[in-house]
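# Secondary and tertiary structure notes
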Amino acid sequence: MATLAAASEANKATITAQDVVDVVGSLNLSLPERDIAQWHDIIASVQESIDVVSSLPDYLPHADTEQYPRSNIHRPPPEDNPGNAWAWKVRIEGDKDEGALLSDVTFALKDNIAVKNVPMLVGTDVFTDYVPDTDATVVRRILQAGGTIEGKAVCENLSLCASSFSAATGNVENPYAEGYTTGGSSSGCGHLVGAGKVDAGIGGDQGGSIRFPASYCGIVGMKPTWGLVPWTGIVTHDPVHDTAGPMTRTVALNARVLQAIAGRDDIDDRQYASPPPADLPDYSASLDKGVSGLKIGILQEGFEFPVIDPRVKEKVLEAAERFKSLGAEVVPISVPLHTQAGHIVNCALRPTASQQGYLGKACGRRGLYMTGLTEKMTPLTQDKFDKMFSTSKFTLMSGLYIWSRHPTLYGKAMNLYRRLKDEYDAALSQVDVLVTPTTPYVANRHAPKDAGPAEQMAKSRGVAVNTVCFNASGHPAMSLPVGFCPAEDDESVKLPVGMQIVGGMFQEEMIYRVAAAWEKAFDWKTL
């Protein structure tokens, strides 16, 4: 009460005594009858603060639509959208200063990234009329670096599906085989970059959502160190996992894009350990250094999950062995906890995503809150729930179950995140990078339109065994294309295979060095 006055009669009429009783009752608790009038007076006093804060304008980062006008905003018709990967088209040209870092680069942005005045679908029809009123930091930095934004790429339903058939706008097609997934949730970026329709995409990765599409679509996808790239203005499920990063066809361009978008923005509090943009290392500096004398660690547990297709395992091991011909030492290394990481993440990500993603209960962070989107999502009605895809329903229900029956489990899982980080750090003190398959199998076919939740979710079962662990630990990880394997259901269909390269915290330059050496020496499309 130190900052609050006694409740006025008007406030007590707005927040009634019954409201107070109902709030306590929602916790299956009760107040003594003799104290209800006093608690009514105390709780009703909060209405004055509610009225004051509601009357103040929101405080949003400035989006310069005069310097960077948005033209030709439209949802492209099917005939202009082969592969169904564009959510919205818009053209925004960046600064054209001579020598600008990204002056020759065209971009697609995952459609959970805010662009002022451009509608955002987030892959769903739970709402259909959300238009952000600011730009994400990554948007501003791309434009300041001279890049040209061509539009918003489809993301999977509420940005939570590892396959590319969940979006309300329909299937996104693999650029190498129609009818097969691009992976999710940055599915549209995977198709558009893989098919050469744009030079680069900016994806979001909370369990593998940059690396899955990169692996399935034969492109380079980097999940940077947690906190290196500002998440400001991007839709969240769990701030502990949120990571934005570049998706490109080459390692060199990937490094260039990361250079432009990384660094502290003084809004996102996840960036406490990140340098400001001016103090970033030169991510391109080591692209020509080669790998002679480096140690490439084969993370043994990453090849042993039962879900891994033996052909993918063989292809990635062959790719890793090729480092020997480039002068590197290739050695086995073990992190036993790696096999349990997915279970640990399930007990942390589901509870937080259930609260923040669907119930509007984001809290505990300093940064930009996308209040306009929360207004569209809440309250969660039966109609909205019915429109949610199976992966979102799974996250909501399993998260609420964990909170209700195992309230200490989230905290224990987060403590184990530190253990994961420490054990990967220990492994990386012995080698320069770790290698695993990115995905355990190549792209599979879309689920049929009438598939039930079990069949829908089976299409991505186990896909994150080697990726989500590094969202938990925070380490940077890249998917690099290293060859083709036949589709599981058709030997005549050849689909890309990705090798995951993992580095120490804030050691993206080392990952780029290793990946560039492999890319320069071998043509993955012939392997």
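Conventions and cut-offs
- Per-chain numbering applies: the sequence of each chain, read as written, is numbered from 1 onward.
- This being a predicted model, a pLDDT of at least 70 is required before a residue's local features are given, and a value of 80 or more before pairs of side-chain atoms are given or counted; all residues contribute to the totals for chains, interfaces and linings.
- Water and hydrogen atoms play no part in the side-chain values, which are based on all heavy atoms of the structure.
- Secondary structure elements follow DSSP: runs of H or I no shorter than four residues count as helices, runs of E no shorter than two count as strands, and numbering proceeds from the N terminus.
- As a reference, a globule follows 2.2 Å times the number of residues to the power 0.38, and the radius of gyration itself is taken over C-alpha atoms.
- Contact between two residues is taken to exist if any of their heavy atoms lie within 4.5 Å; hydrogens are not considered.
- Using the Shrake-Rupley algorithm and a 1.4 Å probe, accessible areas are obtained, with residue cover drawn only from the displayed protein chains.
- Should a side-chain nitrogen of Lys or Arg be within 4 Å of a carboxyl oxygen of Asp or Glu, the pair is scored as a salt bridge.
- Categorising residues by exposure relies on relative accessible area from a 1.4 Å probe, with only protein chains included: less than 20% of the type maximum marks a residue as buried, more than 50% marks it as exposed, and the intermediate range marks it as partly exposed.
- When DSSP finds two or more bridges between a pair of strands, those strands are recorded as paired.
- All axes here are fitted lines through C-alpha atoms, helices being fitted over the stretch that makes contact, and every angle between N-to-C directions spans 0 to 180 degrees.
- Between rings of Phe, Tyr and Trp, where Trp is taken as its six-membered ring, a pair exists when centres lie within 6.5 Å; planes separated by under 30 degrees are stacked, by over 60 edge-to-face, and by other angles tilted.
- When two cysteine sulfur atoms lie within 2.5 Å, the pair is treated as a disulfide.
- Put simply, a patch holds well-exposed residues, over 30% relative accessible area, that have no salt bridge, with like charges counted together within 9 Å and Val, Leu, Ile, Met, Phe, Trp or Tyr side chains within 5 Å.
- Delimitation of the domains relies on an automatic or database domain assignment.
- Seen with its strands pointing away from the viewer, a crossover is right-handed if its path from the first strand over the helix to the second goes clockwise.
- Should an angle lie under 35 degrees it is considered roughly parallel, over 145 roughly antiparallel, and from 65 to 115 roughly perpendicular; all remaining angles are considered oblique.
- Only Asp, Glu, Lys and Arg are considered charged, only Ala, Val, Leu, Ile, Met, Phe, Trp, Tyr, Cys and Pro nonpolar, and every remaining residue, Gly among them, polar.
- By definition, any crossing whose near helix is turned counterclockwise from its far helix by less than a right angle is left-handed, and any crossing with a clockwise turn is right-handed.

### Quick notes on the overall build of the protein chain
On a plain count of helices and strands, the protein chain comes out with 17 helices and 12 strands. Rg of the C-alpha trace for the protein chain: 24 Å, near the compact-globule value of 24 Å for 527 residues, within the 12% margin. Seen along its three principal axes, the alpha-carbon backbone of the protein chain occupies a region of about 80 × 50 × 50 Å. Pairs at least 24 residues apart make up 76% of the contacts formed inside the protein chain by residues separated by at least 6 positions. Looking at the protein chain as shown, the accessible area adds up to about 21,500 Å², and 53% of this sits on carbon and sulfur atoms.

### Focus on the pattern of salt bridges
Enumeration over the complete set of coordinates arrives at 23 salt bridges. Residue Arg 91 pairs with Glu 150 through a salt bridge whose shortest N-O separation is 2.8 Å. Linking Arg 91 in strand S2 (residues 86–93) with Glu 150 in strand S4 (residues 148–153), this pair joins segments that are 59 residues apart in sequence. In this structure Arg 91 comes out as partly exposed when scored by relative accessible area, which is 34%. With a relative accessible area of 17%, Glu 150 lands in the buried category. Overlapping salt bridges bring together Glu 9, Lys 12 and Asp 41 as one network.

### Points about the side chain of Ser 286
As for its placement among the helices and strands, Ser 286 is situated in the loop between helix H8 (251–261) and strand S8 (295–299). Each residue touching Ser 286, except ones within four places of it in the same chain, is listed here: Glu 509 and Arg 513.

### Regarding the sheet that holds strand S5 (residues 200–204)
Here 12 strands make up an open sheet; going across it, the order is S1-S2-S4-S3-S5-S7-S6-S11-S12-S10-S8-S9 and the pairing mixed. At either end of the open sheet lies a strand with only one pairing partner, and these are strand S1 (71–74) and strand S9 (329–333). Within this sheet the neighbouring strands show an average axis-to-axis angle of 25 degrees, counted without direction. With 5 bridges connecting them, strand S3 (residues 106–110) and S4 associate as parallel partners. Bridge assignment links Phe 107 to a residue of S4, and that residue is Ile 149. The strands that H8 touches are S3, S5, strand S6 (220–223), strand S7 (244–248) and strand S11 (477–487); relative to S7, the one it contacts most, it runs at about 150 degrees.

### Looking at the packing of aromatic side chains
Within the structure shown, the criterion is met by 10 aromatic pairs. With centroids separated by 5.6 Å and ring planes inclined at 70 degrees, the aromatic side chains of Tyr 176 and Phe 484 adopt a geometry described as edge-to-face. Placement of the pair is Tyr 176 in the loop between S4 and helix H6 (187–194) and Phe 484 in strand S11, with a sequence separation of 308 residues. Ring centres of Tyr 424 and Phe 470 lie 4.6 Å apart, and the angle between their planes is 45 degrees; this geometry places the pair in the tilted category. Here Phe 470 lies in helix H16 (residues 468–473) and Tyr 424 lies in helix H14 (residues 409–428), a separation of 46 residues in the sequence. Among the residues examined, Phe 470 registers a relative accessible area of 0% and is labelled buried.

### Regarding the state of the cysteines
Summed over the entire model, instances satisfying the criterion amount to 0 disulfides. For Cys 155, which is in no disulfide, the shortest distance to another cysteine sulfur is to Cys 189 and amounts to 9.1 Å. Under the relative-accessibility criterion, Cys 155 is labelled buried at 1%. Of the cysteine sulfurs around Cys 217, a residue in no disulfide, the closest is that of Cys 189, at 10 Å.

### Focus on unusual backbone geometry
Residues Gly 184 and Ser 185 are joined by a peptide bond in cis, for which omega reads 0 degrees. When you line up the elements, Ser 185 lands in the loop between S4 and H6. For the bond running from Thr 378 to Pro 379, omega is -5 degrees, close enough to zero to count as cis. Take Pro 379: it is sitting in the loop between helix H11 (371–377) and helix H12 (382–387). Its identity as a non-glycine residue notwithstanding, Asn 84 has a phi of 60 degrees, on the positive side. Structurally, the position occupied by Asn 84 is in the loop between S1 and S2. Look at Asn 84 and you get buried, because its relative accessible area is 17%. With a phi angle near 55 degrees, Ser 159 is a residue other than glycine that sits in the positive phi range. The topology assignment puts Ser 159 in the loop between S4 and H6.

### A word on a nonpolar patch on the surface
Taken together, the side chains of Trp 39, Ile 42 and Ile 43 present a nonpolar region at the surface, about 230 Å² in accessible area. With respect to the helices and strands, the residue Ile 42 is situated in helix H3 (residues 36–44). Accessibility expressed as a relative area gives 30% for Ile 42, which makes it partly exposed.

### A word on the domain arrangement of the protein chain
With domains assigned, the protein chain is organised as domain 1 (9–55) and domain 2 (70–521). Placing the centre of domain 1 and that of domain 2 at their C-alpha centroids yields a distance of 44 Å.

### Some points on the pairing of S3
With 4 of 5 residues buried, S3 is to be regarded as a mostly interior element. A crossover connection joins S3 to the parallel S4 through helix H5 (residues 137–144); in handedness this β-α-β unit is right-handed.

### Quick notes on the packing of helix H10 (residues 341–356) against helix H13 (residues 390–405)
Axis separation between H10 and H13 bottoms out at 7 Å; the angle between their running directions is 105 degrees. In this view, H10 runs roughly perpendicular relative to H13, as classed from their interaxial angle. Taken together, the residues of H13 that come into contact with H10 (itself represented by Asn 346, Cys 347, Arg 350, Pro 351, Thr 352, Ala 353, Ser 354 and Gln 355) are Phe 394, Thr 395, Leu 396, Ser 398, Gly 399, Leu 400, Ile 402 and Trp 403. Looking at the contact of H10 with H13 residue by residue, the class counts come to 8 nonpolar, 7 polar and 1 charged.

### Here's the deal with the environment of Ala 353
With respect to the element layout, Ala 353 can be found in helix H10. Remark: the alpha-carbon pair of Ala 353 and Leu 160, spanning 193 residues in sequence, is separated by 9.9 Å. Apart from residues no more than four positions distant in its own chain, Ala 353 is found in contact with His 237, Tyr 358 and Thr 395.

### With respect to the packing of H8 against helix H17 (residues 508–521)
At a minimum axis distance of 9 Å, the contact between H8 and H17 shows a crossing angle of 160 degrees. It follows from the interaxial angle that H8 and H17 lie roughly antiparallel. Relative to H17, H8 is oriented so that their crossing is left-handed. Each of Val 251, Ala 252, Asn 254, Ala 255 and Leu 258 in H8 lies in contact with H17, whose residues at this interface are Glu 508, Tyr 512, Ala 515, Ala 516 and Glu 519. The residue makeup of the contact of H8 with H17, split by class, is 7 nonpolar, 1 polar and 2 charged.

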